[in-house]
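Chain by chain, the residues:
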Amino acid sequence: MTLALAPDLDLKGAAERLAATGRSRVPGLLGDGAQALHEALTGPDMVWNRAIQNPYNADVPVAVFEAEPLAEQARLYGMAHEEATEGFQFIFDRIKLGQARAMGLPLPPVLFELHDLFNSAPFLDFARRLTGDDRIAYVDAQPTRYLPGHFLNGHTDAHDDAGRLYAYVLNLSPRWRAEWGGLLMFLDGEGAVTETFTPSFGTLNLFRVPQDHAVSMVAPFAGAPRYSITGWWRTRPPGV
């Protein structure tokens, strides 16, 4: 199938919510395309990198990480958990589509099709109409997978000179319970949760940058990994 924006999206309601609160949701963004993306992320051709803030400061192929002795894996997780107690830390799996394409990685083609769609004239027009922001010129994308124990501590997504205007999460887990964790939580200046978005299948979550937020840890009893496509609507491509 060919990925495309679903017809009859509630752009007006989503735009009003974004203007009023700095965040919004667009259910059913790609229609049946969400199922095709889910199948790609869970299929045998998908490769993942493990992202941990430290000690690597760089993503490591999951296969390499899991080839380490269990004691070494436990040591690395222990270091990350110690840092997470009071500071910024994360553990989850991802693959950056722009880098993957430049490296010629053999990912499922539908993922590169999504990256192309996100940077097409119709989608950029949609993004500008939704936000009222004509500065949006580029959308990056990274598939993400949160397994039990994965999390993303509080941060704002602020990044000097990165051109980030809005952050987004396209949720791709067909069934998700709030009790399983993996919730996108928005925080006030004192760290209290002011609003929470549950990962609803096919729904685009969007929020203005900078804004304090976190992803709660996925529970050990979660019935499936938490899949999504995440990234930023930017003024320019990374590195430009």
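See above for the structure.
This report concerns the structure included in the present document.

Overview of the nonpolar core
Residues Leu 37, Leu 111, Phe 118, Leu 130, Tyr 168, Ile 229 and Trp 233 are the most contacted members of the largest nonpolar core, which totals 43 residues. Mapped by element, the contributors of at least two residues to this core are α1 (11-21), α2 (33-42), α5 (97-103), α6 (109-118), α7 (121-131), β8 (164-171), β11 (204-208) and β13 (226-234). Ranked by residues supplied to this core, first place goes to α6 with 6 residues. Residue contacts for Tyr 168: discarding those within four places in its chain leaves Phe 118, Val 139, Asp 140, Ala 141, Leu 204, Asn 205, Leu 206, Ile 229, Thr 230, Gly 231, Trp 232 and Trp 233. Residues Trp 176, Phe 186, Phe 197 and Ala 222 belong to the second largest nonpolar core, which totals 18 residues.

A look at the pairing of strand β7 (residues 151-155)
Side-chain direction in a regular strand flips from residue to residue, so the side chains alternate between the two faces of the sheet. Most of β7 sits inside the fold, with 4 of its 5 residues counted as buried. Looking at chain direction, strand β4 (residues 90-94) and β7 are connected through 2 bridges and run antiparallel. Bridge pairing in β7 links Phe 90 to Leu 152. Taken together, the 2 bridges between β7 and strand β12 (residues 213-215) define a ladder with antiparallel strand orientation. Note that in β12 the partner of His 155 across the bridge is His 213.

Comments concerning the environment of Ala 167
Position of Ala 167 among the secondary structure elements: in strand β8. On a C-alpha basis, the gap between Ala 167 and Val 218 in space is 21 Å, while along the polypeptide they are 51 residues apart. Discounting chain neighbours no more than four positions away, the residues touching Ala 167 are Asp 157, Asn 205, Leu 206, Phe 207, Val 209, Gly 231 and Trp 232.

Some words on α6
Taking burial as the measure, the 10 residues of α6 include 7 buried ones, the bulk of the element. Among all positions of α6, only Val 110, Leu 111, Phe 112, Leu 114, His 115, Leu 117 and Phe 118 are buried.

Description of the pattern of salt bridges
Within this structure, the stated rule accounts for 13 salt bridges. When the shortest N-O distance is used, the salt bridge between Asp 93 and Arg 145 registers 2.8 Å. With Asp 93 in strand β4 and Arg 145 in strand β6 (residues 142-146), this pair connects stretches of sequence that are 52 residues apart. You can call Asp 93 buried: its relative accessible area is 0%. Arg 234 is the salt-bridge partner of Asp 140, the closest N and O atoms lying 2.7 Å from each other.

Side note on the side chain of Asp 157
Inspection of the secondary structure assignment puts Asp 157 in the loop between β7 and β8. Arg 164 is the oppositely charged side chain nearest to the buried, salt-bridge-free Asp 157, at an N-O distance of 4.4 Å. What Asp 157 contacts, discounting residues up to four positions off in sequence, is Arg 164, Ala 167, Phe 207, Val 209, His 213 and Trp 232.

Considering the environment of Gly 87
Considering the arrangement of structural elements, one finds Gly 87 in the loop between α4 (70-84) and β4. You can call Gly 87 partly exposed: its relative accessible area is 31%. In sequence terms Gly 87 and Ser 120 are 33 residues apart; their C-alpha atoms lie 38 Å from each other.

A word on the packing of α2 against α6
Running from N to C, α2 and α6 cross one another at 130°; their axes reach a closest spacing of 9 Å. The angle between α2 and α6 places the two elements in the oblique class. Considering how the two elements wind past one another, α2 and α6 form a crossing that is left-handed. Counted together, Ala 36, Leu 37, Ala 40 and Leu 41 of α2 and Val 110, Leu 111 and Leu 114 of α6 form the full contact between these two elements. Of the residues assigned to the contact of α2 with α6, the class counts are 7 nonpolar, no polar and no charged.

Here we look at the packing of aromatic side chains
Given two aromatic rings, one states the distance between the centres and the angle between the planes to describe the pair. Taken as a whole, this structure holds 15 aromatic pairs when the rule is applied. Look at Phe 118 and Phe 123: their rings are 4.7 Å apart centre to centre, the planes differ by 40°, and that puts the pair in the tilted class. On the basis of relative accessible area, Phe 118 is assigned to the buried category, the value being 1%. With relative accessibility at 1%, the residue Phe 123 sits in the buried group. Ring-pair connections join several aromatic residues into one group, and the members of that group are Phe 118, Phe 123, Phe 126, Tyr 166, Tyr 168 and Trp 233. The ring of Trp 232 carries Arg 164 above its face, with NZ or CZ at 3.6 Å from the centroid. Looking at Arg 226, its charged tip hangs above the ring of Tyr 146, at a distance of 4.9 Å from the centre.

Calculation criteria
Residues numbered from 1 in each chain as written. Predicted model: local features only at pLDDT ≥ 70, side-chain atom pairs only at ≥ 80, totals over all residues. Heavy atoms only, no water. Core = buried A, V, L, I, M, F, W, Y, C linked by side-chain atoms within 4.5 Å. Buried < 20%, exposed > 50% of the residue type's maximum accessible area, 1.4 Å probe, protein only. Helix = DSSP H or I, 4+ residues; strand = E, 2+ residues; numbered from the N terminus. Contact = heavy atoms within 4.5 Å. Pairing = 2+ DSSP bridges. Salt bridge = Lys/Arg side-chain N within 4 Å of Asp/Glu carboxyl O. Lys, Arg positive; Asp, Glu negative; His and termini not counted. Axes fitted to C-alpha atoms, helices over the stretch in contact; angles between N-to-C directions. Parallel < 35°, antiparallel > 145°, perpendicular 65-115°, else oblique. Left-handed = near helix turned anticlockwise from the far one by under 90°. Nonpolar A, V, L, I, M, F, W, Y, C, P; charged D, E, K, R; others polar. Phe/Tyr/Trp six-rings, centres within 6.5 Å; stacked < 30°, edge-to-face > 60°. Lys NZ or Arg CZ within 6 Å of the ring centre and 35° of its normal.

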